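# Structural overview for review
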Amino acid sequence: MVDFDSTKYDDRDTGRGLRQRRPFGRSTSCPPSTTGRWNDVAGNDLLSPTNTYQSGDSGSKPNISASSAAAEEVVDIPEPFTVANQLRRVFFSSWLNILLLAAPAGIALHFAQFSAAPIATFVVNAAALMPLSVMLSFATDEVALRAGNTIGGLLNVTFGNAVELIVSIVALLQHEIVIVQTALVGSILSNLLLVLGVAFLLGGARRSEQHLNRTAAETAAGLLAMAVAGVMLPTVFDLASSTPAATIAHISRGTSVILLIVYGAYLVFQLRTHRDLLTDTMVASTTKPKLHATVAIALLVGSTSLVAVCAEFLVESIDGVTEKLDVSREFIGLVLLPIVGNVPSLVVATAAALRNHADLAIVVTVGASLQVALFVLPLVVVVGWGLGIDGMTLSFDVFQVTLLFVSVLLVNFQITTGRTYWLSGALLIQLFAIVATCSWWYPSDDTKSA
Amino acid sequence: MATGISYNTFPLINAANSISRDDPESWNLFRHIRRHGQHHTDPESQRPAVCQESPLLSRHVKPRIPFTIGNQIHRTLLNSPINILLLSAPAGIALHLARVNGIAVFVVNFVAIIPLAALLSFATEEIALRTGEIVGGLLNASFGNAVELIVAIIALVKNNVRIVQTSLIGSILSNLLLVMGFCFFFGGLQRQEQHFNLTVAQTAASLLFLAAMSIIIPTVIDSWNNTTKSHQSEVTQISRGISVILLLVYGAYLFFQLKTHAIVLKEESQQAVAQPSIHIKENNKKLTLESGGASIASSSLSSIAPMSNGDQQLSNPAGNQPQVGSANQSDRIGNNDNDDVEEPQLHFLVALFTLAASTAIIAICAEAMVSSIDDLTKGGIMSEEFIGLILLPIVGNAAEHATAVTVAIKNKMDLAVGVAVGSAIQVALLIIPLLVVIGWGMGKEQMSLSFDPFQAVVLFASVLLANYLICDGKSHWLEGMLLVCLYAIVSVGSWFYPH
């Protein structure tokens, strides 16, 4: 089996036995009853590297006898929170956190304004955003753990997409509509194609096939199709008729409200009426929190503000980068920016697929895409409405809409059959490569914007 | 096994779910439920529905109570509170002749057509009761979407091709998104999920996709080649060729449904319908009817575990039922002479007269309505797109919508989906090509399959979404919500559409 080195993610303080391992990042996409702890029905941590849980081909029902034996080894040592272990858990839990040093560097670079500054600022701030987004998810999980299911779910929704939300709003305030739209489309695409593709590829590398929960997959497919339709219709409207910008703005705002309602229904579906449908392998665990409540909230607030600051400097440097490096805005928005925000979900999805939980990988990535498409995007349009920015509409560039449509089509084909293979992952990654290639050479024409 | 429960619930369970207007037996079932609910007590008739070869051309039906003038009038005019609105028909015609303000004419005639459409379908069913399968099927096919056909033909005669196209697309959309969405939503509120026949759903999905493609291809040819007036004829010729092919496809679909695969479709539906719903009362009744001992076990199971893992636990006992049910059914094959679920309500001549009269009045009201559309759009109140896409389809489909939703709430999702999807297919594969052919006959060059690109994309998106959601044969409330919200998005777009 391909060994995913997750030992570095272990919490070294929980004593012997199985680690109650936390996956980083996008637990927003999973039903919040698990709030970041991925356990099977017997209470075993599905993503722990030392878990003796060995899955068969179907992978959806754990081997109860083996796991119950393993479960006895878990010792729950009550651990007092000390300053030392809090600091360690926050800052030293991952090698990625080295990049946290890039945060002050990025801020400094922004104010220093060297001639090479735009590129350096861009790179350094992007590097800083990666561990920050991971820490943000960690803090969100910790706070959500104490908050109960519904509020925890809502918290996950808001802060789970914090990076995209902040980047978009910052760009919106600077009137960079093209960047906003491109970044959001890029986030959806990179989740659907790159992350899911890597997850399927790695997960399917040693197995003949992976199984999915069909109902969950089909619900996701329907929601994705809905999201794409919500973007497609105003775009086609704009193209097919010569309407003034104000009318397009009206249509976009109306459609955004409807999409937000759909998202609300999706949350109700997930959290209340059909909770068992989507979490047949996952159960809310009773793991203890790793951070003291105050520390968790402080971390949440701190990382959010740092993310905001770094995002602002990142967006401001984009102009300089496009001039100096002759890179198109499309490429930055579609390919580069989303990578920054998607590191957490990449980690979780890959780990899940490696342990034969294709279900989990799908829930995480498709859920993340849905959140951007049905929550962040309409929310940004509504914020633009409040700010009186008429240009922020759902009428996208035809290229981007086509990309979205094709990606959703391909993903739906792969997941609605209920089985995936390594080839499914390879197809998705190749489509992403095509997207990246096309957007590299895309004519960076600002008058082409919606 | 015979209990005191009326046998007439039998057909409700065993019935064909390939419900469509073309299939008289399944359509009978639909309106039986519409008018009598599930408790039609008729212990003397003892008529279970059995798949039997029925006579092709005509059959003899006898009413239980002899027809009198009194009860005929009662059954046509007084059988539903909605018929009050019939009074607006003469009012609308008068307003139109008096050349009053267009808005008033539109609204009054709009309101008048709704009960007239219900009356028309009632008369059609009564006549179809007396004809055999083929003629009954054809009757239902032609008069089923009569209102849409009439409105479209009138608009075509007035050379208003945009309204023709828009109202037909709107009819497909309202069936596929609005009706089905409400069915899934309201039906799914009380349950985890509902099932419907997979073959019907998948066949419908493919046919709808074909229909959508047949509209998109000419539209794309027209838009992206910037056809000038001189090339318009080529697009029209393409459209006419495609229309003929679509009519052939529709003929094949009828043949598939009524002849070659009728039994297959009906058999499969047993399994779907037999899966117990969460409503325990209904359950017990159905199960005691269908299967003796197995039912007790399954109904107790269903009462223990109604919600979770609905599929897993309940599908096993459900798996037993079709065999038992069909065994019962085969016992009764000898008894049946006709397939009727109910007796005729109208005398044949009365039904014929009602059919003719309502068609005529609908035609007049539709003409009044279509002529007044110009007045509505001139004032800038609403766009033509909105009228055609959203308002006009309501007129022809209102009664059916209500019935389909009621049926879905009663967990007869087969019927509901069959009606909604069947109606959409009929418009897409029969009425649209028929209009093009009629335009061909009348020499109208503009009547083609080249639609407005916005409408083509809307149709495509709707067909795509609907296909994703019905392809697995199951539905829950969120799927219904998605369909309705897509319809809302389309309405928002069409409201703001430029004139």
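Definitions and cut-offs
- Residues numbered from 1 in each chain as written.
- Chains lettered and ligands numbered in written order.
- Predicted model: local features only at pLDDT ≥ 70, side-chain atom pairs only at ≥ 80, totals over all residues.
- Heavy atoms only, no water.
- UniProt positions renumbered as here; feature names shortened; annotations may be inferred.
- Helix = DSSP H or I, 4+ residues; strand = E, 2+ residues; numbered from the N terminus.
- Buried < 20%, exposed > 50% of the residue type's maximum accessible area, 1.4 Å probe, protein only.
- Contact = heavy atoms within 4.5 Å.
- Areas by Shrake-Rupley, 256 points an atom, 1.4 Å probe, with all protein chains shown as cover.
- Buried area = accessible area lost by both parts, 1.4 Å probe.
- Polar contact = N/O pair within 3.5 Å; in protein donor to acceptor, adjacent residues only side chain to side chain.
- Nonpolar A, V, L, I, M, F, W, Y, C, P; charged D, E, K, R; others polar.
- Salt bridge = Lys/Arg side-chain N within 4 Å of Asp/Glu carboxyl O.
- 1 Å grid on protein atoms, 1.4 Å probe; cavity = no way out; pocket = protein on both sides within 12 Å on 5 of 7 lines; lining within 4 Å.
- Points joined across faces, edges and corners; volume = space filled by probe spheres on them.
- Axes fitted to C-alpha atoms, helices over the stretch in contact; angles between N-to-C directions.
- Parallel < 35°, antiparallel > 145°, perpendicular 65-115°, else oblique.
- Left-handed = near helix turned anticlockwise from the far one by under 90°.
- Core = buried A, V, L, I, M, F, W, Y, C linked by side-chain atoms within 4.5 Å.
- Phe/Tyr/Trp six-rings, centres within 6.5 Å; stacked < 30°, edge-to-face > 60°.
- Expected span 1.5 Å × (residues − 1).
- Bend = angle between axes of the 7 residues up to and from the residue.

As named in an unreviewed UniProt entry, chain B is Sodium/calcium exchanger protein-domain-containing protein, taken from Echria macrotheca. Entered under Subcellular location (unreviewed entry) in the UniProt record, the comment concerning chain B runs "Endomembrane system". Looking at chain B in UniProt, the text filed under Sequence similarities (unreviewed entry) is "Belongs to the Ca(2+):cation antiporter (CaCA) (TC 2.A.19) family."

Labelled according to an unreviewed UniProt entry, chain A appears under the name Vacuolar calcium ion transporter, originating from Echria macrotheca. Chain A has a UniProt comment under Sequence similarities (unreviewed entry) that states "Belongs to the Ca(2+):cation antiporter (CaCA) (TC 2.A.19) family." Per UniProt, chain A has the following entry under Function (unreviewed entry): "Has a role in promoting intracellular calcium ion sequestration via the exchange of calcium ions for hydrogen ions across the vacuolar membrane. Involved also in manganese ion homeostasis via its uptake into the vacuole."

With that settled, consider the overall build of chain A. Each helix and strand in chain A was counted, giving 15 helices and two strands. Per-residue burial over chain A gives 61% buried out of 450 residues. For chain A, contacts bridging at least 24 residues in sequence account for 84% of all contacts bridging at least 6.

A count of helical and extended segments in chain B gives 19 helices and two strands. With 499 residues in all, chain B has 59% of them scored as buried. For chain B, the share of sequence-separated contacts (at least 6 apart) that also reach a separation of at least 24 residues comes to 84%. On chain B, roughly 19100 Å² of surface is accessible, and the fraction owed to carbon and sulfur atoms is 65%.

What follows covers the interface of chain B and chain A. Across the boundary between the two partners, chain B contributes 32 residues, which contact 36 residues of chain A. Counting each side, the surface lost to burial between chain B and chain A is near 2900 Å², with a carbon and sulfur contribution of 80%. Summed over the shared surface of chain B and chain A, the number is two residue pairs in polar contact (both at pLDDT 80 or more). When residues of the side of chain B that touches chain A are traced back to their parent elements, those giving at least two are helix H18 (453-470) and helix H19 (477-495) of chain B. Its residues assigned to classes, the side of chain B that touches chain A shows 23 nonpolar, five polar and four charged.

Turning next to the pattern of salt bridges. All names here are of chain B. In total, this model carries one salt bridge over all chains according to the counting rule given. In this structure, Lys158 engages Glu367 in a salt bridge whose closest nitrogen and oxygen atoms are separated by 3.1 Å. In this pair, Lys158 is assigned in the loop between helix H7 (146-157) and helix H8 (161-188) and Glu367 in helix H15 (residues 348-378), connecting sequence segments 209 residues apart. A relative accessible area of 36% means that Glu367 is categorised as partly exposed.

The volume enclosed by the second largest pocket comes to roughly 610 Å³. When residues in the lining of the second largest pocket are grouped by element, the largest group, six residues, is from helix H9 (residues 198-224) of chain B.

UniProt records the feature "domain: Sodium/calcium exchanger membrane region" (unreviewed entry) at residues 103-258 and 351-495 of chain B, using the numbering of this structure. As annotated, residues 351-495 of chain B has a helix share of 83% and a strand share of 1%, and its two end C-alpha atoms lie 40 Å apart.

Residues and elements named next belong to chain A. At a minimum axis separation of 9 Å, helix H6 (residues 162-173) and helix H11 (residues 293-325) run at an interaxial angle of 45°. One way to sum up the angle between H6 and H11 is to call them oblique. Our pair here, H6 against H11, has a crossing hand that is right-handed. Here Val163, Ile166, Val167, Val170 and Ala171 of H6 come into contact with H11, specifically with Thr304, Val307, Ala308, Ala311, Glu312 and Val315. Split into classes, the residues belonging to the contact of H6 with H11 amount to nine nonpolar, one polar and one charged.

Take the nonpolar core next. Core analysis: the biggest nonpolar cluster contains 227 residues, and Phe106 and Leu435 of chain B have the highest contact counts within it. When residues in this core are grouped by element, the largest group, 16 residues, is from helix H17 (residues 413-442) of chain B. If near-sequence neighbours (up to four positions away) are discounted, Phe106 of chain B is found in contact with Met369, Ser372, Ile373, Leu376, Ile387, Leu391 and Leu392 of chain B. Among the nonpolar cores identified, the runner-up in size contains seven residues, and Ala349, Ala352, Ala353 and Leu360 of chain A belong to it.

This paragraph deals with the environment of Ser372 of chain B. All names here are of chain B. With respect to the element layout, Ser372 can be found in helix H15. Dropping the residues within four chain positions of it, Ser372 is found in contact with Gly102, Val105 and Phe106. In terms of polar contacts, Ser372 uses its side chain to reach the backbone carbonyl oxygen of Met369, at 2.7 Å.

A separate point is the packing of aromatic side chains. With the rule as written, the count across this model stands at 16 aromatic pairs over all chains. Aromatic pair Phe237 of chain A and Tyr497 of chain B: ring centres 5.1 Å apart, planes at 85°, arrangement edge-to-face. Separated into two different chains, Phe237 of chain A in helix H8 (residues 214-240) and Tyr497 of chain B in the segment after H19 make up a pair that spans both. The class for Phe237 of chain A is buried, based on a relative accessible area of 1%. A relative accessible area of 9% means that Tyr497 of chain B is categorised as buried. With a centroid separation of 6.0 Å and 50° between ring planes, the pair formed by Phe209 of chain B and Phe460 of chain B is classed as tilted. Here Phe209 of chain B, found in helix H9, pairs with Phe460 of chain B, found in helix H18; they are 251 residues apart in sequence, far enough to count as distant.

Moving on: the environment of Ser80 of chain B. All names here are of chain B. By the secondary structure assignment, Ser80 is in the loop between helix H3 (69-77) and helix H4 (88-97). Among the residues examined, Ser80 registers a relative accessible area of 28% and is labelled partly exposed. Taking the C-alpha atoms as reference points, Ser80 and Pro115, 35 residues apart in sequence, are found 9.2 Å from one another.

All names here are of chain B. One can describe the packing of H18 onto H19 by two numbers: an axis separation of 10 Å at closest approach and a directional angle of 175°. One way to sum up the angle between H18 and H19 is to call them roughly antiparallel. Contact residues: Phe454, Val458, Ala461, Ser462, Leu465, Ala466 and Leu469 in H18; Glu479, Leu482, Leu483, Leu486, Val490, Gly493 and Ser494 in H19. Classifying every residue of the contact of H18 with H19 by side-chain character gives 10 nonpolar, three polar and one charged.

Attention now moves to helix H7 (residues 177-204) of chain A. For H7 of chain A, built from 28 residues, the straight-helix expectation of 40 Å at 1.5 Å per residue is met to within 8% by its first-to-last C-alpha distance of 39 Å. The largest bend in H7 of chain A comes to about 35°, at Ser190 of chain A.

Turning our attention to the side chain of Ser214 of chain B. Residues and elements named next belong to chain B. Here Ser214 is to be found in helix H9. At a separation of 2.6 Å, a polar atom in the side chain of Ser214 contacts the main-chain carbonyl oxygen of Ala211. Once you skip the residues sitting within four places of it in the chain, Ser214 turns out to touch Ile242, Leu246 and Leu449.

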